[in-house]
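# Summary of the model geometry
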Amino acid sequence: MLELLLCSSVTVLPDFLYRRFGQGKRLGREITLFTIWYELRWGIVLCLLLTIALITAIFYFHPATKAATSVFRTVTILPQTNGRVAETFVDINQSVKQGDPLFRLEDFEQKAALETARRKLDEIDAALKVATIQVREAEGRIAQAEGMLAQAQDEYETRNALLMQNSTAVARRDVERAEVQVATQQGQVDAAIAARDALVAQVEHQLPAQRASAEAALAQAQVELDKTLVVAGTDGIVQQFALRPGDVVNPMLRPAGILVPARRVTGLAAGFGQIESQVMKPGMIGEVTCAAKPWQIIPMVVTQVQEVIASGQVRPTDQLQDVQNLAQGGTITVIMEPLYQGALDGLPQGATCIANAYSSNHDKLDDPEIGGFRRFALHAVDAVGLVHALILRIQALLLPIQTLVLKGH
């Protein structure tokens, strides 16, 4: 309607003024309800054409949408394991901080596993102490075996020397027996050293490895015990939380509730028509008006334009997709942020708004080589953005009235 009034002021009105004062035709005489089309046909036709052109230029170069929302993501309250609820710590609509406990599952099995892991660790520590003592015992046996070996060697060397001197004080049989005794004592020394090395390997490698495994099992048991206590992952407000002691919780069946993060709105996600995909660019200046902040125009800037359209998404299924089912008109997702910091403070998460985005051709107009006709056209495109800005302000003015009065509230 506003575009029609503007176009009629430069087409129908001049045509009427010419007929009235230039040709002397009067209302009710020559210009009547039945002759107005014939008398003002040029102005009416030009008005319709200009109105269509103006509306097309406005909505193409300065797109608008009513699908602008302060989207947000909720956090699902889910335990990491199955179990029966032992106690709850919060209720619906309660504000929580990150790390605050929400509810706890029964943990008898997890505590038993944790205690078993601790006992196993203590058992390995005790075995390590015993093995350390056994190493010292094995070293003592080595010293004892070496002493006996030295004694056997000395006795053998003495008897062998007497035998080499053809002494009758020693028999060859005694020398051979002494030689066998040396070999036997040498074997005992080697056995004692091997036993000591086995104990050292047990102390330095086997038992530390077993202790590390026990510590890992203890840590795993502690993790399983910690899973029974469900805490808030972020600051927020608990919603749809109806757990009570005795309820069985299974993360695969249903969530325990929803945590709405306590964050202020810092931007809007808007869906613009596909036909405006060539116009929407990051850096465009825009404006929004929201029902939650009535009678306010908030300056915005386009920070991101999504390059894909969600309606064309194909998911793997066991059915062959028909392309005509994907031909529904989708929108281009655009992220808009406030031009001035804090402009969206007080806007609830999930609030819907009406958004405008305005094309700007100032960079092109600064080009000295641009032609006169193109310069005029670009000026005209920028100028018609004022019409759309005026329409947005009228919408902002009428939005509370339409909501509270005309819709029966």
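Located above this text is the structure these notes cover.
Quantities reported herein were computed from a predicted structural model and do not represent experimental measurements. (Residues numbered from 1 in each chain as written. Predicted model: local features only at pLDDT ≥ 70, side-chain atom pairs only at ≥ 80, totals over all residues. Heavy atoms only, no water.)

When helices and strands are counted, the chain shows eight helices and 14 strands. Of the roughly 25,900 Å² of accessible surface on the chain, a fraction of 58% belongs to carbon and sulfur atoms. (Helix = DSSP H or I, 4+ residues; strand = E, 2+ residues; numbered from the N terminus. Areas by Shrake-Rupley, 256 points an atom, 1.4 Å probe, with all protein chains shown as cover.)

To continue, consider the packing of aromatic side chains. Taken as a whole, this structure holds two aromatic pairs when the rule is applied. Ring geometry for Tyr60 and Phe61: centres 5.0 Å apart, planes at 85°, overall edge-to-face. (Phe/Tyr/Trp six-rings, centres within 6.5 Å; stacked < 30°, edge-to-face > 60°.)

A full pass over the atoms with the stated rule returns 13 salt bridges. Arg104 serves as the salt-bridge partner of Asp107, at 3.5 Å between the closest nitrogen and oxygen. You can call Arg104 partly exposed: its relative accessible area is 22%. Note that Glu115 is salt-bridged to Arg118, the shortest N-O span being 4.0 Å. Of this pair, Glu115 and Arg118 both sit in helix α5 (residues 108-164), separated by three residues, roughly a single helical turn. Classification of Arg118 as partly exposed rests on a relative accessible area of 39%. Here the residues in one salt-bridge network are Glu87, Arg104, Asp107 and Lys111, joined through shared partners. (Salt bridge = Lys/Arg side-chain N within 4 Å of Asp/Glu carboxyl O. Buried < 20%, exposed > 50% of the residue type's maximum accessible area, 1.4 Å probe, protein only.)

Moving on, we come to the sheet that holds strand β14 (residues 352-358). One closed barrel accounts for six strands, arranged β1-β10-β13-β12-β11-β14; its pairing is antiparallel. The sheet shows a mean angle of 40° between the axes of neighbouring strands, direction not considered. Two strands pair when backbone bridges link them, and strand β10 (residues 268-273) and strand β13 (residues 331-338) are joined in this way by six bridges, in the antiparallel orientation. Bridge pairing in β13 links Ala269 to Ile335. (Pairing = 2+ DSSP bridges. Axes fitted to C-alpha atoms, helices over the stretch in contact; angles between N-to-C directions.)

A few words on the nonpolar core. Residues Leu268, Phe272, Val288, Met336 and Leu347 are the most contacted members of the largest nonpolar core, which totals 22 residues. Where this core is concerned, the elements lending two or more residues are β10, β11 (285-290), β12 (293-309), β13 and β14. In contact with Phe272, not counting residues within four places along its chain, are Pro63, Ala64, Thr65, Met280, Thr331, Ile332, Val334, Met336, Ala355 and Ala357. In this structure, Ile77, Val85, Phe103 and Leu259 belong to the second largest nonpolar core, which totals 15 residues. (Core = buried A, V, L, I, M, F, W, Y, C linked by side-chain atoms within 4.5 Å. Contact = heavy atoms within 4.5 Å.)

Before going further, it helps to spend a moment on the state of the cysteines. Here is the idea: a disulfide is a covalent bond, and it sits between the sulfur atoms of two cysteines. Here the structure, examined in full by the defined rule, presents one disulfide. In this model, Cys290 is linked to Cys353 through a disulfide, with the two sulfur atoms separated by 1.9 Å. When the S-S torsion is 95°, as for the bridge of Cys290 with Cys353, the disulfide is right-handed. Note that Cys290 is positioned in strand β11 and Cys353 in strand β14, a separation of 63 residues in sequence. The exposure classification of Cys290 matches that of Cys353, with both residues buried. (Disulfide = S-S within 2.5 Å.)

What follows concerns the pairing of strand β3 (residues 83-88). Two elements, β3 and strand β8 (residues 248-249), share two bridges in a ladder whose sense is antiparallel. Paired with Gly83 across the bridge in β8 is Val249. Inspection of the sheet shows β3 paired to strand β5 (residues 101-105) by three bridges, in the antiparallel sense. Across the sheet, residue Glu87 finds its bridge partner in β5, namely Arg104.

Before going further, it helps to examine helix α8 (residues 372-406). End to end, α8 covers 48 Å across 35 residues, agreeing with the expected 51 Å (1.5 Å per residue, within 8%). Taking the largest bend as the criterion, α8 deviates by roughly 35°, centred on Leu398, and proline Pro400 comes between one and four positions later. (Expected span 1.5 Å × (residues − 1). Bend = angle between axes of the 7 residues up to and from the residue.)

In this section: the sheet that holds strand β6 (residues 229-231). Reading across from one edge, β6-β5-β3-β8 is the order of the four strands in this open sheet, with antiparallel pairing throughout. The strands lining the two open edges of the sheet, one partner per strand, are β6 and β8.

The next thing to look at is the side chain of Asp382. Mapped onto the secondary structure, Asp382 falls in helix α8. The charged side chain of Asp382 is buried without a salt bridge, its nearest counter-charge being Lys364 at 8.9 Å. A polar atom in the side chain of Asp382 sits 2.9 Å from the side chain of Asn361. (Lys, Arg positive; Asp, Glu negative; His and termini not counted. Polar contact = N/O pair within 3.5 Å; in protein donor to acceptor, adjacent residues only side chain to side chain.)

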